[in-house]
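# Architecture at a glance
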2 protein chains.
Amino acid sequence: MSTTTTPPLYRQLATHYRGAIEAGALQPGTRMPSLRSLMRLHDISLSTALQLCRTLESDGWAEARERSGYFVRRPQRLRMAQMDEPLAGLRPDPAQYVGIHGQVSDFVARRRAAKVKLNLSIARAAPQFYPAEELRAAMTRALRLWPDVVSSVPPLQGDPHFRSVIAQRAVAAGMAIAPDDVLVTNGCIEALNLALRAVAKPGDTIAVESPTFYGLLQVLESLGLRALEIPTSPQTGLSIEALELAVQTYGDIQALVVVPHLQNPLGSVMPDAHKERLVRLCEAQGIALIEDDTYTELLDAEGTPRALKSWDRTGNVLHCASMHKILAPGLRLGWITAGRWQARVEMLKYTQTRNNEILSQLGAGQFMGTGAYDRHLRRLRTALRGQRERTAEAIATYFPEGTRMNLPPGGLQLWVELPEGCSSAVVFDAALQEGIAIAPGWLFSNNARSDRFLRINCGWPYDDGLDTALRRLGTLAGNAIRVG
Amino acid sequence: MSTTTTPPLYRQLATHYRGAIEAGALQPGTRMPSLRSLMRLHDISLSTALQLCRTLESDGWAEARERSGYFVRRPQRLRMAQMDEPLAGLRPDPAQYVGIHGQVSDFVARRRAAKVKLNLSIARAAPQFYPAEELRAAMTRALRLWPDVVSSVPPLQGDPHFRSVIAQRAVAAGMAIAPDDVLVTNGCIEALNLALRAVAKPGDTIAVESPTFYGLLQVLESLGLRALEIPTSPQTGLSIEALELAVQTYGDIQALVVVPHLQNPLGSVMPDAHKERLVRLCEAQGIALIEDDTYTELLDAEGTPRALKSWDRTGNVLHCASMHKILAPGLRLGWITAGRWQARVEMLKYTQTRNNEILSQLGAGQFMGTGAYDRHLRRLRTALRGQRERTAEAIATYFPEGTRMNLPPGGLQLWVELPEGCSSAVVFDAALQEGIAIAPGWLFSNNARSDRFLRINCGWPYDDGLDTALRRLGTLAGNAIRVG
């Protein structure tokens, strides 16, 4: 691993004080050392001491009281109630055909018509967080070095060097795959299409996490597949008990699609023991296991967590991933390694879109082969953590009593449960009128319970405009509570 | 139209003499003017006079007789028997599920294993015929001018300027479409996938030309659609009578896929009267008409022929096209304008692969907006015409008695009918052993009649190696005739 850039002094000190508060060494309500003491203690300037205190304040770890200085405080977000875990032993609803194309079209059309000023409905970081300049330089170089890049047909599987970089990085997640096991696709969404088309036929039942991202529900609908929603924990992801019950109850599950790390929208992360159990269960039941690995690099963790695929001994796991959220939202760099369905997936890829264009693979392959890629990922994670915490703090502060939320250990978004009687559809309508877009809960599930939830993007830099918008959203959510 | 580059003098003179022979002013068997006369007549050097005679010879319009100079000759290819027209009133075979994935996989796998030295099985020109340098320069410029090209998500429909260039050029084909009616896809193959998915569901019957390109048969198979093969003329394309008969006989045709210009593999071109009749028939019968416009720009004709879409009054025509064969085989620049299915096609595109990457659209849009694009197309057509004629001449000379072939008015390939008792599968096997790949007829149709045919690419520059290979193919075809 290459070295990271050192954060500024006030930020280092803020992390130090935050640690002291979290450890209990500094109790909420006690007074922070005065600016003068801080200057003396750490041999810093007044301006650095002020920056330190303001950083603690904006992160929620201190509050300024007039004429009395700064006082230690426990952030609002840490006091929020956690969401319920799914009830063990609750039988999932039967599989059903998804019918959300119409709703999603309506959602998209209305969002477009509304001239959105602040789009919190997506799951993506702002452009400035991606290494655009380095990638453009790498692509410019590739245009010079590969004269045939536009005039020759590249290999169906994708650029060999890009695939070898993917295979190398997969080792950290416990996967042993050769470059030839990697097929480059037009984003993870094409990988998921190919995986589902390879293992299932129209009318088949596909188990999915509930809630899940609406992109997957659209894919199922467009392929004529039925969705069986499996209750999913906001902490530990898919409930294996619920899946077992579904297998016993319905028994005709063709495949399961799972996002083990930073599930969208929940942000949950599956413990390794669950992952292994899941891989074995699917193996035993003949359920093709489709792993969506879009967000893993956004996890705040030491080292890379193991992929489901790393427990695969029979080729039953189809592992899909993409560079879309972590490296370059403008490129369509996805890939799949499809276990025993690899040949069928390659044929379907050929039939559906042929090979990908190769230039972005050449550029990304160059960039990802250097330490610059890991440095970028660390910077991105740090920026997102700060934005998640400040967004969470705003929600905890501004949203009505009874709002619940978990703090995911990484990623681009927060999943918020509104109080009893509050409809995210109503909040969506009201917010859109004011130019603020959120993702209402009904996008993420076929069932009615989802209307209590909404998803908020944390990819934009936190500023006063965003703070004002979140305050306004809180008010609108309060207004949306039906007094029953 | 911008000016074209002037061909060299000997080429201009060759065209002049060719015209005189075609017009009957110079009769086959008569002696050409001597080199000395040619020098005096046209005030040219000996070397130019020699180049003129050799060009006529290699194009098949003259032959050198030892010590006697050059004699006028009618090319062999013009003496070949034409292929049969499909029998009017012959009822098409019923629709059936295609089962060629396995065969195609086998074909591809064997071609790959065989270490092919000369690949005549594809339908593409050699890389040097495409404007790689200009396109790379345009893309390099675009990388500099659009800093967000890798870090921002481009519009789902594609780059607005590229779409406006497409819409502008469509005017010449009689189409009145707005840039917003154009959806950019990953090649024509994705456009066809989207068109078929928009208008049909698994199990439905799709009428196709017979023979047709195997890529389409694979798409039908992979989508669970049934193919109804409609007899197609090597001259005028799809037989409207045969389609009418099929409608009367089977009556459940959901859609029809047609390549009106330079059909693959036949090279046929539909007369305008047929096109209009076809559009009206499909309209009246509720058959969605999917037009594949991949090859039109390769047609040797004055002006652009009218697209089927130009007769469309009800939004029943889905027009699909691509830059793959005409501009840049390394890029995946296709598009679709889908009439009344446009919204559904856009939703399916979003669900299948999201937006395309935008860089190649920016580059191609720049290039196509200048006169350089038309100059490139003229050069490409001229090169292909020469290569087609020389390949046809070689086939006429080297292939066994009874071989038949039509000379298509443009395009990348020749479709050859072998003599009675000769199997293209046998020729394919024998040729592959010697490192020559051809496309055997069974790739192009579900029915057994196709084994008598093979397709030969004319996209490679004609040289001695190619001539030797074609001679060898002729011998192998002769060997493959079963003496019954």
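My aim in this report is to walk through the structure given alongside it, one point at a time.

Residue and element names in this part refer to chain A. By the secondary structure assignment, threonine 140 is in helix 5 (residues 132–145). Looking at threonine 140, the relative accessible area reads 25%, which means it is partly exposed. Separated by 119 residues in sequence, threonine 140 and valine 259 have C-alpha atoms that sit 34 Å apart.

Superposing chain B onto chain A takes a rotation of 180 degrees plus a shift of 0.0 Å along the axis, which leaves an RMSD of 0.1 Å. Interpreted geometrically, this transformation is the action of a two-fold axis. Judged by C-alpha distance, threonine 140 of chain B is the residue of chain B that lies nearest the rotation axis, at 2.9 Å. When the interface residues of chain B are mapped onto chain A, 100% of them are again interface residues, pointing to one common binding face.

Residues and elements named next belong to chain A. Within the secondary structure, threonine 232 sits in strand 7 (residues 226–233). A relative accessible area of 6% places threonine 232 in the buried class. Among the polar contacts made by the side chain of threonine 232, one reaches the main-chain amide nitrogen of serine 210 at a distance of 3.2 Å. Here isoleucine 230 takes part through its backbone oxygen, which lies 2.8 Å from a polar atom of the side chain of threonine 232. If we ignore the near neighbours within four places in the chain, the residues touching threonine 232 are Pro86, Glu209, Ser210, Gly237, Leu238, Ser239, Leu266 and Ser268.

Right, let's get into the packing of aromatic side chains. Across all of its chains, the model carries 14 aromatic pairs over all chains by this definition. With a centroid separation of 5.4 Å and an interplanar angle of 40 degrees, the aromatic rings of phenylalanine 107 of chain B and phenylalanine 428 of chain B are classed as tilted. Pair noted here: phenylalanine 107 of chain B is in helix 4 (residues 101–113) and phenylalanine 428 of chain B is in helix 14 (residues 424–433), with a separation of 321 residues, a long-range link. In this structure, phenylalanine 107 of chain B and phenylalanine 428 of chain B share a single accessibility class: buried. Each residue in the set Phe107, Tyr214, Trp415, Phe428, Trp442, Phe444 and Phe453 of chain A is aromatic and connected to the rest through ring pairs, giving one cluster. Above the ring of tryptophan 311 of chain B, the side-chain terminus of arginine 306 of chain B is found at 3.8 Å from the ring centroid. The positively charged end of arginine 354 of chain B is found above the aromatic ring belonging to tyrosine 350 of chain B, 4.0 Å away from the centroid.

The next point concerns the sheet that holds strand 17 (residues 453–457) of chain A. Residues and elements named next belong to chain A. Spatially, 4 strands are ordered 13-14-17-16 in an open sheet, and the strand pairing comes out antiparallel. The two strands at the open ends of the sheet, each matched to only one other strand, are strand 13 (404–405) and strand 16 (439–440). In this sheet, strand 17 lies alongside strand 14 (residues 413–417) in antiparallel orientation, the contact comprising 5 bridges. In the strand pairing of strand 17, tryptophan 415 is matched with arginine 455.

Before going further, it helps to spend a moment on the packing of helix 9 (residues 240–249) of chain B against helix 10 (residues 272–285) of chain B. In a pair of packed helices, the angle between the axes and the distance between the axes together describe the arrangement. All names here are of chain B. Two elements in contact, helix 9 and helix 10, have axes separated by 11 Å at closest approach and are oriented at 10 degrees. Regarding the angle of helix 9 to helix 10, the classification is roughly parallel. Residues Ile240, Glu241, Leu243, Glu244 and Val247 of helix 9 pack against His274, Arg277, Leu278, Leu281 and Gln285 of helix 10. For the contact of helix 9 with helix 10, a count of residues per class yields 5 nonpolar, 2 polar and 3 charged.

What follows is about the sheet that holds strand 14 (residues 413–417) of chain B. Residues and elements named next belong to chain B. Taking strand neighbours across the sheet as the criterion, the 4 strands line up as 13-14-17-16 in an open arrangement whose pairing is antiparallel. Only two strands of the sheet have a single partner each, and these edge strands are strand 13 (404–405) and strand 16 (439–440). Where strand 16 and strand 17 (residues 453–457) come together, 2 bridges link them in antiparallel fashion. Paired with proline 440 across the bridge in strand 17 is leucine 454.

Turning our eyes to something else, we now look at unusual backbone geometry. The bulk of non-glycine residues show a negative phi, and the bulk of peptide bonds are trans. Residues and elements named next belong to chain A. Residue proline 211 follows serine 210 across a cis peptide bond; omega there is 0 degrees. Along the chain, the position of proline 211 falls in the loop between strand 6 (205–210) and helix 8 (214–222). Non-glycine residue arginine 67 carries a positive phi angle of around 65 degrees. If you trace the backbone, arginine 67 turns up in the loop between strand 1 (62–65) and strand 2 (69–72).

Right, let's get into the state of the cysteines. Residue and element names in this part refer to chain A. Within this structure, the stated rule accounts for 0 disulfides over all chains. Lacking any disulfide linkage, cysteine 458 is separated from the closest cysteine sulfur, that of cysteine 422, by 19 Å. Accessibility expressed as a relative area gives 1% for cysteine 458, which makes it buried.

Thresholds applied
Residues numbered from 1 in each chain as written. Chains lettered and ligands numbered in written order. Predicted model: local features only at pLDDT ≥ 70, side-chain atom pairs only at ≥ 80, totals over all residues. Heavy atoms only, no water. Helix = DSSP H or I, 4+ residues; strand = E, 2+ residues; numbered from the N terminus. Buried < 20%, exposed > 50% of the residue type's maximum accessible area, 1.4 Å probe, protein only. Least-squares fit on C-alpha atoms with pLDDT ≥ 70 in both. Contact = heavy atoms within 4.5 Å. Polar contact = N/O pair within 3.5 Å; in protein donor to acceptor, adjacent residues only side chain to side chain. Phe/Tyr/Trp six-rings, centres within 6.5 Å; stacked < 30°, edge-to-face > 60°. Lys NZ or Arg CZ within 6 Å of the ring centre and 35° of its normal. Pairing = 2+ DSSP bridges. Axes fitted to C-alpha atoms, helices over the stretch in contact; angles between N-to-C directions. Parallel < 35°, antiparallel > 145°, perpendicular 65-115°, else oblique. Nonpolar A, V, L, I, M, F, W, Y, C, P; charged D, E, K, R; others polar. Disulfide = S-S within 2.5 Å.

These results come straight from atomic positions and should not be treated as a statement about function.
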